[in-house]
Amino acid sequence: MKILSILNISNKDNLNCDSGYIFQCILSEQFIKMGHKYVVAGSNCPEFKKAKELKGKKEYINLGTNKFSSRFDFNSEEFAKLIKRTKPDIIFNTQAELASAIRSVLVWNQLNIPLVTYCHYPALWANNVKSVIPEIDQSLNSGNLGQPIVFNILSALQTSDLFIIQSEFAKSLIVKAAKYYKVPYDSKKFIVLAPPADPLFLDKKNRYITTLANRENYIYNHRLYKTYGTQDFIDVFARLHKQFGINCIVLDPMQKRSLKRASQNNTPADFAKIMSKTPGISIAQNNKTRIEYKSILNSGFACFAPLRKACVWSMACMDCMGLGIPVVAPNMAAFPEFVPQSLLYNNKRQLNKIISKLRTNDDFVKQMSEQCLVSAHKYAPEKTAEKLFCEFNKLVNK
């Protein structure tokens, strides 16, 4: 099978930390191992041209590279030429907002090529999960663009032959929006399939079987935006540091940000400065490659998940879990779908209990490490690729 995959890049300055790019690197390798042809069409930018981690053939077209242009830039004529040039059996689109534009090219050119859309982020929030009114992610709502972005995602739900999203929680946000805006869709064409875990971070054995060292060293490896609950985390950690004496290494995945990007939202740099002055926190500066990043993770005893109310998945948490590092997470959003129940907390008392058990109970640490390993291996890349291929094959042979 020949697969034409459309890459979404929203962070070209830190491409090795861009979840959409990592997603494609993992799957491209797996599909080629399975004997398929995998073509990745991405932005015609120097960063993507220089990227060497992707397997298969790369095609360069005029796609965007920031949080807005990646969702809106599209050239129909150029895309039609791309299809003619690559002759795919199926199109795997990972920028959901472009699905209807891609469908329009297929319709205009009378091409019967299945279109599968993978939605990495539904652009919706979850301050009040019980409300029937969908909440727009305000970080995408500059110039009132938030609602058009959500509508474009809902249109992908209508125009794709298959629409995939990472978690049941993410699906619930989309379903709520579709219901509220009265957007009809075929529920049989809407499935949940989590992203693959990075094989570089999948260990085969429990790291705590032979050693329980460095109990004071925790890891926080998430984006430092306000919407990720960074200030809340700083407040929570300051209390934990004072109470339990634990420390935390913070890995800022967006250390290298362009002036243009910083002018749009400079909270990562602002929070990095605040964190560097917070007792117990140190900012890691040498995590420019995935190997360096893995080395720093392995120096940690446990990991904190972000306090992000609309977290639809966390590849960063999965990196830790695949190494057998226990991940302590709030009991909300998508975390209950992959983090062991005993590491989830609803309040300060429960969080304190988890930290205390991690510091004093060897059996608990070993059990949590093992459960994190087992959970991460459920998302091994070969399993995800096989599930995707089964769905692709149904559509191609329909």
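Procedures and definitions
- Residues numbered from 1 in each chain as written.
- Predicted model: local features only at pLDDT ≥ 70, side-chain atom pairs only at ≥ 80, totals over all residues.
- Heavy atoms only, no water.
- Helix = DSSP H or I, 4+ residues; strand = E, 2+ residues; numbered from the N terminus.
- Buried < 20%, exposed > 50% of the residue type's maximum accessible area, 1.4 Å probe, protein only.
- Areas by Shrake-Rupley, 256 points an atom, 1.4 Å probe, with all protein chains shown as cover.
- Lys, Arg positive; Asp, Glu negative; His and termini not counted.
- Charge placed at Lys NZ, Arg CZ, Asp CG, Glu CD.
- Patch = residues over 30% accessible without salt bridge, like charges linked within 9 Å, V, L, I, M, F, W, Y side chains within 5 Å.
- Salt bridge = Lys/Arg side-chain N within 4 Å of Asp/Glu carboxyl O.
- Pairing = 2+ DSSP bridges.
- Axes fitted to C-alpha atoms, helices over the stretch in contact; angles between N-to-C directions.
- Contact = heavy atoms within 4.5 Å.
- Right-handed = clockwise from strand over helix to strand, strands pointing away.
- Core = buried A, V, L, I, M, F, W, Y, C linked by side-chain atoms within 4.5 Å.

A. Highlighting the overall build of the chain. The number of helices and strands found in the chain is 15 helices and 15 strands. Summarising its shape, the C-alpha atoms of the chain cover approximately 65 × 45 × 40 Å along the three principal directions. Relative to its 398 residues, the chain shows a buried fraction of 56%. For the chain, the exposed area adds up to about 17,500 Å²; of that, 51% sits on carbon and sulfur atoms. Once the 54 positive and 32 negative side-chain charges of the chain are each reduced to a mean point, those two points are 1 Å apart.

B. Looking closely at a nonpolar patch on the surface. On the surface, Val132, Ile133 and Tyr180 cluster together into a nonpolar patch covering about 290 Å² of accessible area. With respect to the secondary-structure elements, Ile133 resides in the loop between β6 (124–125) and β7 (135–136). Accessibility expressed as a relative area gives 43% for Ile133, which makes it partly exposed.

C. The sheet that holds strand β1 (residues 2–6), seen in detail. Taking strand neighbours across the sheet as the criterion, the seven strands line up as β3-β2-β1-β4-β5-β8-β9 in an open arrangement whose pairing is parallel. Every interior strand has two partners, whereas the edge strands, β3 (57–61) and β9 (190–192), have only one. Averaged over all adjacent pairs, the angle separating strand axes in this sheet is 25 degrees, with direction ignored. Its contacts with the sheet put helix α5 (residues 99–108) on β1, β4 (90–93) and β5 (115–119), and the angle it makes with β5 is roughly 170 degrees. Those strands touched by helix α15 (residues 381–396) are β1, β4, β5, β8 (162–165) and β9, and its axis lies near 135 degrees from that of β4.

D. View of the pairing of strand β14 (residues 327–330). Here β14 shows two buried faces, one formed by Val327 and Ala329 and the other by Val328 and Pro330. As for the winding sense of the linkage, the β-α-β connection from strand β13 (residues 302–304) through helix α12 (residues 315–322) to β14 is right-handed.

E. Just the environment of Val40, in detail. Within the secondary structure, Val40 sits in strand β2 (residues 37–43). Each C-alpha atom, one on Val40 and one on Phe72, is 19 Å from the other, the two residues being 32 residues apart in sequence. Sequence-distant contacts of Val40, that is, excluding residues within four places in its chain, are made with Ser5, Leu7, Gln24, Phe48, Leu54, Lys57, Lys58 and Glu59.

F. Focus on the side chain of His120. Tracing the backbone shows His120 in the loop between β5 and β6. Looking at His120, the relative accessible area reads 16%, which means it is buried. If we ignore the near neighbours within four places in the chain, the residues touching His120 are Asn8, Gly20, Phe23, Thr94, Gln166 and Val312.

G. Summary view of the pairing of β4. The side-chain alternation of β4 yields two buried faces, one formed by Ile90 and Phe92 and the other by Ile91 and Asn93. Sheet analysis places β1 next to β4, joined by four bridges and oriented parallel. Within β4, the position partnered with Leu4 by the bridge is Ile91. Note that β4 and β5 share three bridges and pair parallel. In the sheet register, Phe92 faces β5, and the bridge partner there is Val116. Remark: the β4/α5/β5 crossover connection has right-handed handedness.

H. Geometry of the nonpolar core. In this structure, Ile91, Phe304 and Phe338 are the most contacted members of the largest nonpolar core, which totals 112 residues. Aside from chain neighbours lying at most four places away, what touches Phe304 is Tyr218, Ile219, Tyr220, His222, Phe233, Phe237, Leu240, Ile246, Cys248, Val328 and Ile355. Ile9, Leu15, Ala51 and Leu193 belong to the second largest nonpolar core, which has 27 residues in total.

Geometric descriptors of this kind do not, in isolation, establish any biological role.
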